[in-house]
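# A closer look at the structure
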Amino acid sequence: MSKITVLVNKEKRNTVFSEKYYARLREFGDLNIFDRDDFSDMDYVIDFVKGTEVLITSWSSPVLDENILDACPDLKAVIHAAGSIKPILSDAFISRKIRITNSAVALGEGVAETALGFAISACKGFYTLGRDTRNKLWNENRMSRVTDFYDITVGVIGGGYVGRHFIKLLQNFNVDILLYDPTLSGEQVTTLGAEKAELDELLKNADVVSVHAPSIPATDNMLNRDNLKLIKDGAVLINTARGSIIEESALIEELEKNRFFACIDVTNPEPPAEDNRLRFLDNVVLTPHIAGAVTNGLKRVAKHVCEELERLENGEKMRTEVDLDQLYKLA
Ligand SMILES: NC(=O)c1ccc[n+]([C@@H]2O[C@H](COP(=O)([O-])OP(=O)(O)OC[C@H]3O[C@@H](n4cnc5c(N)ncnc54)[C@H](O)[C@@H]3O)[C@@H](O)[C@H]2O)c1
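Now for a look at the structure at hand. (Residues numbered from 1 in each chain as written. Predicted model: local features only at pLDDT ≥ 70, side-chain atom pairs only at ≥ 80, totals over all residues. Heavy atoms only, no water.)

## Some thoughts on the packing of helix α2 (residues 19-26) against helix α13 (residues 299-313)
Orientation of α2 relative to α13, taken along the N-to-C sense of each, is 5°, at an axis distance of 9 Å. On the basis of the axis angle, α2 is roughly parallel to α13. Side by side, α2 and α13 meet where Y21, R24 and L25 of the first sit next to K299, A302, K303, V305, C306, E307, L309 and E310 of the second. Of the residues in the contact of α2 with α13, the class split is six nonpolar, no polar and five charged. (Axes fitted to C-alpha atoms, helices over the stretch in contact; angles between N-to-C directions. Helix = DSSP H or I, 4+ residues; strand = E, 2+ residues; numbered from the N terminus. Parallel < 35°, antiparallel > 145°, perpendicular 65-115°, else oblique. Contact = heavy atoms within 4.5 Å. Nonpolar A, V, L, I, M, F, W, Y, C, P; charged D, E, K, R; others polar.)

Here it is, written out as structure tokens:
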């Protein structure tokens, strides 16, 4: 039986896990659940993890530095119950080549569902027509505000976990799908069910543009003053990825022309200032970073952690094991 340690603070233990998932983890070893609210006492943390063979981490877990790793000489793998592993990585961890998997795939399903919800709601005019009816209007704008989710082009920027699941969901509709992802070949994109496009071509042709790229130096302001103007009149722009990817001042300028609609779940910084224009424009719906999972959806993460542990303990390759050499292009 492996010694499995859940090194997760109280808040995340309560939101991500529940007794149902702890019971599944116990099938594979001796489960030790961190028993303090936070990690303010690192001496206690190091003592707690001693001898751990499988470490389960999450948002707000401490960086896995030399001191923690030295306390776990038999560490087989880390299962991260969150998306990006970057906040917990240290040079020591990377150089020891410890196996690590994350739960971005589980969160990605929720993000893709959010993007689809945004896309359909904005195309059908739910946000704007809902406001109209509150203002006592009825039929006045329906012809100009409704685009049915049929025979239109959806542009997807980034073909990772989220982008791929979004494309999979889109297969249920009669829409054309363009994908911009410089790391994927035309053949790979075709296999995913989309057509490979360059960024400018996608922006010029898509009725819906949905951003699913990672926040890395190469994507900083990837949508900016020069190319936001390529977006079609009447289109819908969705950003559930990261605020840094869109140059915010240029986006606001373009939105103030009232040419297209934007569904924005992420800003840079978060929260946006109280007087940020994105909060007030009629052609924007701004949500507080809820695309992935906030409440019950987080249990998808716990389920993925249990499945990864099962694969590990059965001697199989974990499904979402991260290749640490590929970190530069990952979220
Ligand atoms: N709003 C939320 O609640 C929420 C939750 C989870 C993830 N996210 C965000 O969603 C985004 C996608 O997450 P993911 O799990 O699919 O990440 P991922 O790392 O699996 O996929 C990112 C994809 O983008 C590609 N890419 C790299 N450079 C690119 C570039 N210059 N242009 C276009 N594509 C590029 C990568 O090759 C990869 O295929 C990330 O920004 C992530 O932070 C948001």
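From this point, the discussion proceeds with the structure in view.
## As for unusual backbone geometry
The omega torsion across N268 and P269 is 5°, close enough to zero to call that bond cis. Looking at the element boundaries, P269 is found in the loop between β11 (261-264) and β12 (284-286). Omega for the bond connecting E270 with P271 falls within 30 degrees of zero, at -5°, which places this linkage in the cis form. Not every positive phi belongs to a glycine, and S60 is a case in point at roughly 75°. By the element assignment, S60 lies in the loop between β3 (54-58) and α4 (66-70).

## Points about the site of the ligand
Taken together, 28 residues sit near the ligand, with V162, D181, T183, A213 and G292 positioned nearest. One nitrogen or oxygen atom from the side chain of T183 is found 2.7 Å from an oxygen atom belonging to the ligand. Between an oxygen atom of the ligand and a main-chain N or O atom of A331, the distance comes to 3.1 Å. Counting only elements with at least two residues in the shell around the ligand, the list comes to α6 (104-123) and α9 (161-170). Its residues assigned to classes, the shell around the ligand comprises 15 nonpolar, nine polar and four charged. (Near = heavy atom within 4 Å. Polar contact = N/O pair within 3.5 Å; in protein donor to acceptor, adjacent residues only side chain to side chain.)

## Considering the sheet that holds strand β9 (residues 208-211)
In any sheet, the strands associate via hydrogen bonds between backbone groups, in a parallel or an antiparallel arrangement. The strand order β8-β7-β6-β9-β10-β11-β12 describes an open sheet built from seven strands, whose pairing is parallel. Only two strands of the sheet have a single neighbouring strand rather than two, namely β8 (195-196) and β12. Of the pairings in the sheet, the one linking strand β7 (residues 176-180) to β8 comprises two bridges and is parallel in character. In the strand pairing of β8, L178 is matched with E195. Across the sheet, α6 touches β9, β10 (236-239), β11 and β12, and the angle it forms with β10 is around 155°. (Pairing = 2+ DSSP bridges.)

## Quick notes on the environment of A82
Take A82: it is sitting in the loop between β4 (77-81) and α5 (91-95). Judged by relative accessible area, which is 0%, A82 ranks as buried. Residues A82 and S58, spaced 24 residues apart in sequence, show a C-alpha to C-alpha distance of 5.1 Å. Leaving out residues up to four positions away in the same chain, A82 has contacts with S58, W59, N102, S103, A104, L107 and V301. (Buried < 20%, exposed > 50% of the residue type's maximum accessible area, 1.4 Å probe, protein only.)

## Some details on the environment of L31
Looking at where L31 falls in the secondary structure, it is placed in strand β2 (residues 29-33). Since its relative accessible area comes to 12%, L31 is described here as buried. When the C-alpha positions of L31 and I4 are compared, they lie 4.9 Å apart, and in sequence the two are 27 residues distant.

## What to know about the packing of aromatic side chains
Scanning the entire structure with this criterion turns up seven aromatic pairs. Relative to F261, the ring of Y127 has its centre 5.7 Å away and its plane inclined at 5°; by these criteria the two rings are stacked. Of the two residues, Y127 sits in helix α7 (residues 126-134) while F261 sits in strand β11, which places them 134 residues apart along the sequence. Assessed through its relative accessible area of 26%, Y127 is described here as partly exposed. With a relative accessible area of 11%, F261 lands in the buried category. Through successive ring pairs, a cluster of aromatic residues spans F34, F39, Y44 and F48. (Phe/Tyr/Trp six-rings, centres within 6.5 Å; stacked < 30°, edge-to-face > 60°.)

## Points about the packing of α6 against α13
For the pair α6 and α13, the least separation of the axes is 8 Å and the interaxial angle reads 150°. Crossing hand, α6 versus α13: right-handed. For the pair α6 and α13, the contacting residues are V105, A106, L107, E109, G110 and E113 in the first and R300, V301 and H304 in the second. Along the lines of polarity and charge, the residues of the contact of α6 with α13 split into four nonpolar, two polar and three charged. (Left-handed = near helix turned anticlockwise from the far one by under 90°.)

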